[in-house]
Amino acid sequence: RPGADMAPYRADFPVLQRPMNGRRLAFLDSAASAQKPQCVIDAERDCYEQYYANIHRGVYQLSQRSTQAFENVRGTVKRFINAADEREVVFVRGATEAINLVAQSFVRPRLQPGDEVLITGMEHHANIVPWQLVTEATGAKLVVAPVLDDGSLDMDGLRERISERTRFMSVVHVSNTLGTINPVETITALAHERGIPVLVDGAQSAPHMPVDVQAMGADFYTFSAHKTYGPSGSGILWGRLEHLEAMPPYQGGGDMIRTVTFERTEYAPPPQRFEAGTPNIAGVIAMGAGLEYMESVGREAILAHEQSLLAYANERLAAWDDLHVIGTAPGKAGVVSFVIDGIHPHDMGTILDMEGVAVRVGHHCTQPLMERFNVPATVRASFGLYNDREDVDALIDGLTKVKSLLA
Ligand code: PMP
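The following paragraphs examine the structure supplied in this document. (Residues numbered from 1 in each chain as written. Predicted model: local features only at pLDDT ≥ 70, side-chain atom pairs only at ≥ 80, totals over all residues. Heavy atoms only, no water.)

**Quick notes on the overall build of the chain**
Now for step 1: Of regular secondary structure, the chain possesses 13 helices and 15 strands.
Now for step 2: Scaling as 2.2 N^0.38, a compact globule of 407 residues should have a C-alpha radius of gyration of about 22 Å, and the chain matches this with 22 Å.
Now for step 3: The principal-axis extent of the C-alpha atoms belonging to the chain is close to 70 × 55 × 30 Å.
Now for step 4: Within the chain, buried positions represent 56% of all 407 residues.
Now for step 5: Of the contacts made within the chain by residues no fewer than 6 positions apart, 72% connect residues no fewer than 24 positions apart.
Now for step 6: Summed over all atoms, the accessible surface of the chain reaches about 16,600 Å², with 49% contributed by carbon and sulfur.
Now for step 7: Across the chain, the mean location of the 36 positive side-chain charges is 3 Å away from that of the 50 negative side-chain charges. (Helix = DSSP H or I, 4+ residues; strand = E, 2+ residues; numbered from the N terminus. Rg over C-alpha atoms; globule rule 2.2 N^0.38 Å. Buried < 20%, exposed > 50% of the residue type's maximum accessible area, 1.4 Å probe, protein only. Contact = heavy atoms within 4.5 Å. Areas by Shrake-Rupley, 256 points an atom, 1.4 Å probe, with all protein chains shown as cover. Lys, Arg positive; Asp, Glu negative; His and termini not counted. Charge placed at Lys NZ, Arg CZ, Asp CG, Glu CD.)

The structure is reproduced here in structure tokens:
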């Protein structure tokens with residue numbers, strides 16, 4: 001039976017062992033944030049209990065130990081995304097901070113009035129607003145590639161929107177609302193033919209599939225640890241070394257300098273240049289534990305498992321005539337967004353919660369995409385490696401309850 005081999009992993013997640021309203025918790029909101037396995041919780045606690053100190057400065061042993069544990073994670077991330085060099089891995093708060101960093105430090109200095117930044121119609125607000133900030137500040141224009149009715153990216157539309165004035169492209173790898181997996185290799189190849197650098201927003205790809213930033217051909221890639229089974233408040237920006245070396249700092253402070261005088265500061269090389277101030281030390285170390293956990297489970301297996309759950313969910317949801325799935329592109333990741341005629345998603349979410357089913361309702365930080373599909377909000381069920389068919393069954397039972405109460 002598909003997915004049966006993943007069953008033992010559910011026991012690694014303490015929250016999932018706790019009942020919700022007296023029922024087995026069906027946690028179907030991993031696209032928003034994943035639950036944490038015991039090894040991640042232990043890694044964070046061990047840091048504070050056994051060797052915590054500020055990093056990079058202490059000559060004493062504790063500081064050396066925490067520095068080493070922190071810096072080791074660069075190697076873990078390098079392996080996890082197949083980066084060419086550890087120095088290409090910048091620790092940040094998460095995908096949002098990474099995109100703002102690239103927008104301000106790499107893109108903004110390259111924008112003249114009339115230049116263009118190209119994104120897609122399925123971006124998360126985190127990959128829209130930073131580009132509005134820099135284009136508005138420079139007199140440049142934000143251009144948006146359209147989304148087709150099935151929720152896939154309109155590749156002809158994208159091609160048509162690449163112009164002489166396109167200076168940068170930023171594209172989501174996997175849509176958090178639709179589950180669409182975008183052909184990022186094709187997109188970066190198209191862009192590079194014209195010398196345009198590309199950022200790939202990996203917030204929803206890193207948690208669900210193998211990632212190879214070199215094969216992808218990206219110039220920048222980012223993800224947040226809280227979605228890769230790690231803690232909130234840490235994440236990474238990966239950038240090609242030649243880009244990072246050419247970029248000015250995003251923030252100034254301690255730990256990002258070589259020498260400081262009141263007249264002039266010489267910046268440290270990357271990645272330290274972009275890591276001003278005391279970082280989320282324990283959070284980075286625990287992020288590393290989450291990535292190693294994913295590697296031990298196997299990312300091919302995670303993807304196959306989540307896609308088989310999606311197929312099962314689609315099969316069961318298809319029985320409902322008044323239920324409409326938003327986003328039906330082939331080969332999707334484990335996310336299903338839907339609406340039911342005449343019932344508001346928020347009411348569904350509330351009743352499902354009473355049944356122990358945690359789903360996301362709302363616009364999922366993709367308001368323009370909601371407009372594209374003419375819905376104010378959707379119910380979104382998204383899968384993690386710990387989900388199983390019982391969770392899908394709980395969702396279906398919950399929806400039956402919703403209909404008996406509201407329809
Ligand atoms: N991009 C996508 C596709 C996302 O799903 C998210 C998180 N929902 C983000 C960016 C932003 O990530 P964070 O809030 O962790 O910075």
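**So, the site of the ligand**
Now for step 1: In the vicinity of the ligand, the residues found are Ala95, Thr96, His124, Ala126, Val172, Asn176, Asp201, Ala203, Gln204, Ser224, His226 and Lys227.
Now for step 2: Here alanine 95 contributes a backbone N or O atom positioned 3.5 Å from an oxygen atom of the ligand.
Now for step 3: When isolated, the ligand has an accessible area of 400 Å², and the protein chains bury 85% of it.
Now for step 4: The residue inventory of the shell around the ligand, partitioned by class, reads four nonpolar, six polar and two charged. (Near = heavy atom within 4 Å. Polar contact = N/O pair within 3.5 Å; in protein donor to acceptor, adjacent residues only side chain to side chain. Nonpolar A, V, L, I, M, F, W, Y, C, P; charged D, E, K, R; others polar.)

**Remarks on the pattern of salt bridges**
Now for step 1: Across all of its chains, the model carries 25 salt bridges by this definition.
Now for step 2: With its nearest N and O atoms 2.9 Å apart, the salt bridge here joins arginine 258 to glutamate 266.
Now for step 3: The class of arginine 258 is exposed, set by a relative accessible area of 51%.
Now for step 4: The partner of aspartate 322 in a salt bridge is lysine 403, and the shortest N-O contact between them spans 2.6 Å. One end of the pair, aspartate 322, is in the loop between helix H10 (299-317) and strand S11 (323-326); the other, lysine 403, is in helix H13 (residues 389-406), with 81 residues separating them in the sequence.
Now for step 5: Counted as one network, the salt bridges with shared partners bring together Arg10, Arg24, Asp388, Glu390 and Asp391. (Salt bridge = Lys/Arg side-chain N within 4 Å of Asp/Glu carboxyl O.)

**Re the packing of aromatic side chains**
Now for step 1: If you walk through the whole model with that rule in mind, you get 13 aromatic pairs.
Now for step 2: Arranged with centres 6.4 Å apart and planes meeting at 90 degrees, the rings of tyrosine 9 and tyrosine 293 form a pair that is edge-to-face. In this pair, tyrosine 9 sits in the segment before strand S1 (26-27) while tyrosine 293 sits in helix H9 (residues 281-297), placing the two residues 284 residues apart along the sequence.
Now for step 3: Looking at tyrosine 9, the relative accessible area reads 23%, which means it is partly exposed.
Now for step 4: With a relative accessible area of 8%, tyrosine 293 lands in the buried category.
Now for step 5: Pairing phenylalanine 13 with tyrosine 386 gives two aromatic rings, centres 4.7 Å apart and planes at 75 degrees, and the pair type is edge-to-face. (Phe/Tyr/Trp six-rings, centres within 6.5 Å; stacked < 30°, edge-to-face > 60°.)

**Some points on the sheet that holds strand S7 (residues 220-224)**
Now for step 1: Read across the open sheet, the seven strands follow the order S2-S8-S7-S6-S5-S3-S4; overall the sheet is mixed. In the strand order of this sheet, the two ends are held by strand S2 (89-92) and strand S4 (141-145), each with one partner. For this sheet, the mean angle separating the axes of adjacent strands, direction not counted, is 20 degrees.
Now for step 2: Inspection of the sheet shows S2 paired to strand S8 (residues 235-239) by four bridges, in the antiparallel sense. Across the sheet, the residue bridging to phenylalanine 91 is isoleucine 236, located in S8.
Now for step 3: Running at roughly 155 degrees to S7, helix H3 (residues 95-107) makes contact with S2, strand S3 (116-120), strand S5 (166-172), strand S6 (198-201), S7 and S8 of the sheet.
Now for step 4: Relative to the sheet, helix H4 (residues 129-138) contacts S3, S4 and S5, its axis offset from that of S4 by approximately 145 degrees. (Pairing = 2+ DSSP bridges. Axes fitted to C-alpha atoms, helices over the stretch in contact; angles between N-to-C directions.)

**Brief notes about the sheet that holds strand S15 (residues 378-382)**
Now for step 1: Within the open sheet, the four strands sit side by side as S11-S12-S15-S14. Their pairing is antiparallel. Edge positions in the open sheet fall to S11 and strand S14 (360-362), since each of these has one partner strand only. The mean angle between the axes of side-by-side strands here comes to 30 degrees, regardless of whether they run parallel or antiparallel.
Now for step 2: As paired elements, S11 and strand S12 (residues 335-340) share four bridges and run antiparallel to each other. Its bridge partner lying in S12, valine 325 is registered against phenylalanine 338.
Now for step 3: Lying on the sheet, H10 is in contact with S11 and S12; it crosses S12 at an angle near 15 degrees.

**Some thoughts on H9**
Quick reminder: α-helices carry 3.6 residues per turn. Residues three or four places apart thus point the same way.
Now for step 1: Relative to the 24 Å expected for 17 residues at 1.5 Å per residue, H9 spans 25 Å between its end C-alpha atoms, a close match to the ideal helical length.
Now for step 2: Just downstream of H9 lies glycine 298, where phi reads positive at about 105 degrees. (Expected span 1.5 Å × (residues − 1).)

**Examining the nonpolar core**
Now for step 1: Ile81, Phe91, Met169, Tyr221, Phe223, Ile236 and Met287 are the most contacted members of the largest nonpolar core, which totals 67 residues.
Now for step 2: The element contributing the most residues to this core is H9, with nine residues.
Now for step 3: Setting aside residues up to four positions removed in sequence, phenylalanine 223 forms contacts with Phe80, Ile81, Gly94, Ala95, Gly202, Ala203, Ala206, Thr228, Gly235, Ile236, Met287 and Leu291.
Now for step 4: Counting 26 residues, the second-largest nonpolar core is a separate cluster that includes Leu323, Leu352, Val392 and Val402. (Core = buried A, V, L, I, M, F, W, Y, C linked by side-chain atoms within 4.5 Å.)

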